[in-house]
Amino acid sequence: MTTLIVLPHVELCPEGAVIDARPGESICQSLLENGIAIEHACEQSCACTTCHVIVRDGFNTLEPAEDEEEDLLDKAWGLEPQSRLSCQALVGGTPLTVEIPRYSINMVKEGKRG
């Protein structure tokens, strides 16, 4: 198992979390299996940006994003150089620290920014 540190998110994970993730599993799946209800509007098919995360530590240990993911990330709310779609980024053997952005593109479109 690989350690996945989730930084605090006001709604999804207020205290932050440290979870065990299975290598080869997506960050999104690991979060969902551990009770962190990250948005995933396209059901993890790389067709939206709602599962966008920022990999604060361990980014360079991930496999590079494919072109399709890179194209979608250009539309993500709060894009940073270490941004990934959590449905596409697979956990390896190195610990990762991820931040779930406060807002997703869906929340912005629905006027839920606060």
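Residues numbered from 1 in each chain as written. Predicted model: local features only at pLDDT ≥ 70, side-chain atom pairs only at ≥ 80, totals over all residues. Heavy atoms only, no water.

### Here we look at the environment of Ser104
So, point 1. With respect to the secondary-structure elements, Ser104 resides in the loop between β5 (96-99) and α3 (105-109).
So, point 2. The class of Ser104 is buried, set by a relative accessible area of 8%.
So, point 3. Once the C-alpha coordinates of Ser104 and Glu43 are considered, the two residues, 61 residues apart in sequence, prove to be 15 Å apart.
So, point 4. Ignoring sequence-local partners within four residues, the contact set of Ser104 consists of Glu39, Thr50 and Trp77. (Helix = DSSP H or I, 4+ residues; strand = E, 2+ residues; numbered from the N terminus. Buried < 20%, exposed > 50% of the residue type's maximum accessible area, 1.4 Å probe, protein only. Contact = heavy atoms within 4.5 Å.)

### As for the pattern of salt bridges
It is possible for side chains of opposite charge to pair when their charged atoms get near one another.
So, point 1. Using the criterion set out here, one finds 5 salt bridges in the structure.
So, point 2. Where Arg22 meets Glu33, a salt bridge forms, and the shortest distance between an N and an O atom there is 3.0 Å. Of this pair, Arg22 sits in the loop between β2 (17-21) and α1 (27-33) while Glu33 sits in helix α1, and the two are 11 residues apart along the sequence.
So, point 3. Three or more residues are tied together by salt bridges with common partners; here these are Arg22, Glu25 and Glu33. (Salt bridge = Lys/Arg side-chain N within 4 Å of Asp/Glu carboxyl O.)

### Some words on the state of the cysteines
So, point 1. According to the stated counting rule, one finds 0 disulfides in the structure shown.
So, point 2. Summary of cysteine pairing: Cys42 is not part of a disulfide, and the nearest cysteine sulfur, belonging to Cys48, is at 3.6 Å.
So, point 3. Left without a disulfide partner, Cys46 is nearest to the cysteine sulfur of Cys87, which lies 5.3 Å away. (Disulfide = S-S within 2.5 Å.)

### Quick look at the sheet that holds strand β3 (residues 52-57)
So, point 1. The sheet built from 5 strands is open, its strands ordered β2-β1-β5-β3-β4 with mixed pairing. Only two strands of the sheet have a single partner each, and these edge strands are β2 and β4 (83-85). Neighbouring strand axes in the sheet, compared pairwise and without regard to direction, differ in orientation by 35 degrees on average.
So, point 2. Pairing geometry for strand β1 (residues 2-6) and β2, over 5 bridges, is antiparallel. In the sheet register, Thr3 faces β2, and the bridge partner there is Asp20. (Pairing = 2+ DSSP bridges. Axes fitted to C-alpha atoms, helices over the stretch in contact; angles between N-to-C directions.)

### Re unusual backbone geometry
So, point 1. Of note in this structure, Gln44 is not a glycine but carries a positive phi near 65 degrees.
So, point 2. Locating Gln44 in the fold gives a position in the loop between α1 and β3.
So, point 3. Not every positive phi belongs to a glycine, and Cys46 is a case in point at roughly 60 degrees.
So, point 4. Relative to the helices and strands, Cys46 resides in the loop between α1 and β3.

### Topic: the nonpolar core
So, point 1. Leu4, Val6, Ile27 and Leu31 are the most contacted members of the largest nonpolar core, which has 26 residues in total.
So, point 2. Those elements that place two or more of their residues in this core are β1, β2, α1, β3, α2 (67-73) and β5.
So, point 3. Discounting residues that sit within four places of it in the chain, Leu4 has contacts with Ala17, Val18, Ile19, Ala21, Ile27, Ser30, Leu31, Leu96 and Val98. (Core = buried A, V, L, I, M, F, W, Y, C linked by side-chain atoms within 4.5 Å.)

### Section: a negative patch on the surface
So, point 1. On the surface, a cluster of negative charge is contributed by Glu66, Asp67, Glu68, Glu70, Asp71 and Asp74.
So, point 2. Within the secondary structure, Asp74 sits in the loop between α2 and β4.
So, point 3. Take Asp74: its relative accessible area is 59%, and that puts it in the exposed class. (Patch = residues over 30% accessible without salt bridge, like charges linked within 9 Å, V, L, I, M, F, W, Y side chains within 5 Å. Areas by Shrake-Rupley, 256 points an atom, 1.4 Å probe, with all protein chains shown as cover. Lys, Arg positive; Asp, Glu negative; His and termini not counted. Charge placed at Lys NZ, Arg CZ, Asp CG, Glu CD.)

Structural measurements only, silent on function.
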